[in-house]
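Residue-level structural notes
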Amino acid sequence: MKHKREFREPTVWISIIPFAVLIGALVPVVKVFGADALEGGAQVALLFASAVSVGLYMLVCRGKWSVLEDAILNNIRMVSSGIIILLLIGAISGTWMISGIVPTFICYGIKLITPKIFLFISCLICALVSVLTGSSWTTIATVGVALLGIGTAQGYPASWVAGAIISGAYFGDKISPLSDTTTLAATSTGVHIFEHIRYMLRTTVPSFAIALVIYLVMSLLHPSTEATHMEEYSTALRASFNISPWVLIVPALTAVMIARKCPAMVTLFCAALMAAVAAVILQPQVIWSVATGGALADYTSLGPVEAFRGTMLSIYSSTGIDTLNPELNELVSTKGITGMLNTVYLIIAASVFGGVMMGSGMVKCLTMAMFRYIRKAASLVGSTVFTGLFCDIVTGDQYLSIILTGSLYKEFYEQKGYKAKLLSRSVEDSATVTSVLIPWNSCGMTQATVLHVATLAYLPFCFFNLLSPLMSIIVALFTPESEFLSKSSTSELPKPEK
């Protein structure tokens, strides 16, 4: 008579193995492939670690494949909207460049933004736009790309400029009531969104203020860029594109759609479509060059076939314009939707690994192990912050990390009598802002692709993103324990003896 195999809960040591395998696989991949590691090597490492996790779950824990399959499908379903948005951002990156929107921003920005406070101003601009739009991705893909071009023209290292752009964009994304991550962190922990935002200001404002001071100091220390050098960039752009205020109608209409709270997919699709139409009308020579591969100087007229081919290529394929300036040629080159496919591949691979780790119970096992060492609010916040970062690394997606961290700790916070808004703040201080610092995370891969700056290159200069998790723990350490307890818990505390 056959005995039915009983399921065994994964132990801490078993749960650590897939994570260790992932790190062990990523190290040689990054060492061998370098900046090209995210073009396939990192994804293979994620899938290999997923296979190890599946093997341990089914052979050692005696679990069922159907459980893991459901978890993987649920993960992919949750990130599907993000994948569509990512493809639309790829279309925008191509059409906004070819239509002359980004070059126009660069030309005007070179004149308006002084190099002496450029990093400081860039961070502030991205913060403001992100607060108004509620989207760090949209901010970076539009305003951020333009600012990167301006900063490069003014002699700033691309990694520093990207760090300032990302810091500002994620500050706005974090505190905007229009942000999906802000809403998700609040709703998943049962906190009213405006209460969540107000409570976050205690850690978010100091982190952002310190980041701004650093950017201001570095801007002031930056050597002056000769006006002639900046003028070369402007002249080359004006010779290649029709720089005109009419081009700015597209971002203006996009801003109106955002202000009217149109769905993100609809807004991004319309932004790409309007830019494609504007390109045909205002930049016929550029569309002709993209369609035929000819030099801009050889342009005579734009036929319907060339217009259709050039527009389609700018949306989905790699494009390049010869501005007779090598540095600018790299800046105005785009990859369209095709350039986002590696990121899509990465998101799917990360969703598989995250689904296996969550479905098998290994993530929960590791988190529960940390609960044994929690005694006070500071240690609880530290544990929450670490879990948010850990989930960003393991799952490769900030949405999954927010939901997972919030669900893992919600009951524990309630049992200990701590305020739910302490949990929601700790989740945002970690899972939301650190996702962009991880190369294989969907956020890190996306911004590296959009800005053409490697994740590990801009990571040291994203001061707001680096400071936020630390500030969350520091504030918890220096805040009285009673302030973190709910009213019902406070009333149940024993009164001090006289």
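This structure is a prediction, so every number in the text was calculated from the model and none was measured.

1. Digging into the overall build of the protein
Across its full length, the protein holds 24 helices and zero strands. The C-alpha radius of gyration computed for the protein amounts to 24 Å, which stays within 12% of the reference 23 Å derived for 498 residues, consistent with globular compactness. When each of the 498 residues of the protein is scored for burial, the buried share is 56%. Excluding contacts between residues fewer than 6 apart, the proportion of contacts in the protein whose partners are at least 24 apart in sequence is 77%. When the accessible surface of the protein is totalled, it reaches about 21,700 Å², and 68% of it is carbon and sulfur. Charge-centre separation for the protein: the mean point of 30 positive side chains lies 12 Å from the mean point of 27 negative side chains.

2. Some thoughts on the packing of helix α9 (residues 193-221) against helix α23 (residues 463-477)
Packing of α9 against α23 leaves a shortest axis separation of 8 Å and a crossing angle of 140°. Classified by the angle between their axes, α9 and α23 sit oblique to one another. Crossing hand, α9 versus α23: right-handed. Contacts from Arg202, Thr203, Thr204, Pro206, Ser207, Phe208, Ile210, Ala211, Ile214 and Tyr215 in α9 reach Phe463, Phe464, Leu467, Ser468, Met471, Ser472 and Val475 in α23. Counted by class, the contact of α9 with α23 contains eleven nonpolar, five polar and one charged residues.

3. A few points about the environment of lysine 421
Counting through the fold element by element, lysine 421 comes out in helix α20 (residues 420-434). The spatial distance from the C-alpha of lysine 421 to the C-alpha of glycine 40 is 39 Å, given a sequence separation of 381 residues. The residues touching lysine 421, leaving out its near neighbours within four places in the chain, are Val191, Glu195 and Tyr199.

4. Notes on the confidence of the model for the protein
The share of residues in the protein with pLDDT of 70 or more is 90%, and the mean pLDDT across the chain is 81. For the protein, helix α24 (residues 487-491) is the element with the lowest average pLDDT, namely 49, and α23 is the one with the highest, namely 92.

5. Comments concerning unusual backbone geometry
Backbone geometry at arginine 62 places phi at a positive 60°, although glycine is not the residue there. Judged by its relative accessible area of 30%, arginine 62 is partly exposed. Its identity as a non-glycine residue notwithstanding, histidine 452 has a phi of 60°, on the positive side.

6. A word on helix α21 (residues 442-451)
Burial runs high along α21: ten of the ten residues are buried. Backbone nitrogen of cysteine 443 and a side-chain oxygen of the N-cap are separated by 3.0 Å at the start of α21; the cap is asparagine 441. One or two positions beyond α21, positive phi appears at histidine 452, with a value near 60°.

7. A word on a nonpolar patch on the surface
Nonpolar side chains collect at one region of the surface, where Phe269, Leu273, Val277, Val280 and Ile281 lie side by side and expose about 460 Å² of accessible area between them. Mapping valine 280 onto the fold places it in helix α12 (residues 264-282).

8. A word on the environment of phenylalanine 171
For phenylalanine 171, the position within the fold is in helix α7 (residues 158-175). Under the relative-accessibility criterion, phenylalanine 171 is labelled buried at 10%. If near-sequence neighbours (up to four positions away) are discounted, phenylalanine 171 is found in contact with Ala127, Thr204, Phe208 and Phe464.

The rules behind each value
- Residues numbered from 1 in each chain as written.
- Predicted model: local features only at pLDDT ≥ 70, side-chain atom pairs only at ≥ 80, totals over all residues.
- Heavy atoms only, no water.
- Helix = DSSP H or I, 4+ residues; strand = E, 2+ residues; numbered from the N terminus.
- Rg over C-alpha atoms; globule rule 2.2 N^0.38 Å.
- Buried < 20%, exposed > 50% of the residue type's maximum accessible area, 1.4 Å probe, protein only.
- Contact = heavy atoms within 4.5 Å.
- Areas by Shrake-Rupley, 256 points an atom, 1.4 Å probe, with all protein chains shown as cover.
- Lys, Arg positive; Asp, Glu negative; His and termini not counted.
- Charge placed at Lys NZ, Arg CZ, Asp CG, Glu CD.
- Axes fitted to C-alpha atoms, helices over the stretch in contact; angles between N-to-C directions.
- Parallel < 35°, antiparallel > 145°, perpendicular 65-115°, else oblique.
- Left-handed = near helix turned anticlockwise from the far one by under 90°.
- Nonpolar A, V, L, I, M, F, W, Y, C, P; charged D, E, K, R; others polar.
- pLDDT = per-residue confidence, 0-100.
- Polar contact = N/O pair within 3.5 Å; in protein donor to acceptor, adjacent residues only side chain to side chain.
- Patch = residues over 30% accessible without salt bridge, like charges linked within 9 Å, V, L, I, M, F, W, Y side chains within 5 Å.
- Salt bridge = Lys/Arg side-chain N within 4 Å of Asp/Glu carboxyl O.

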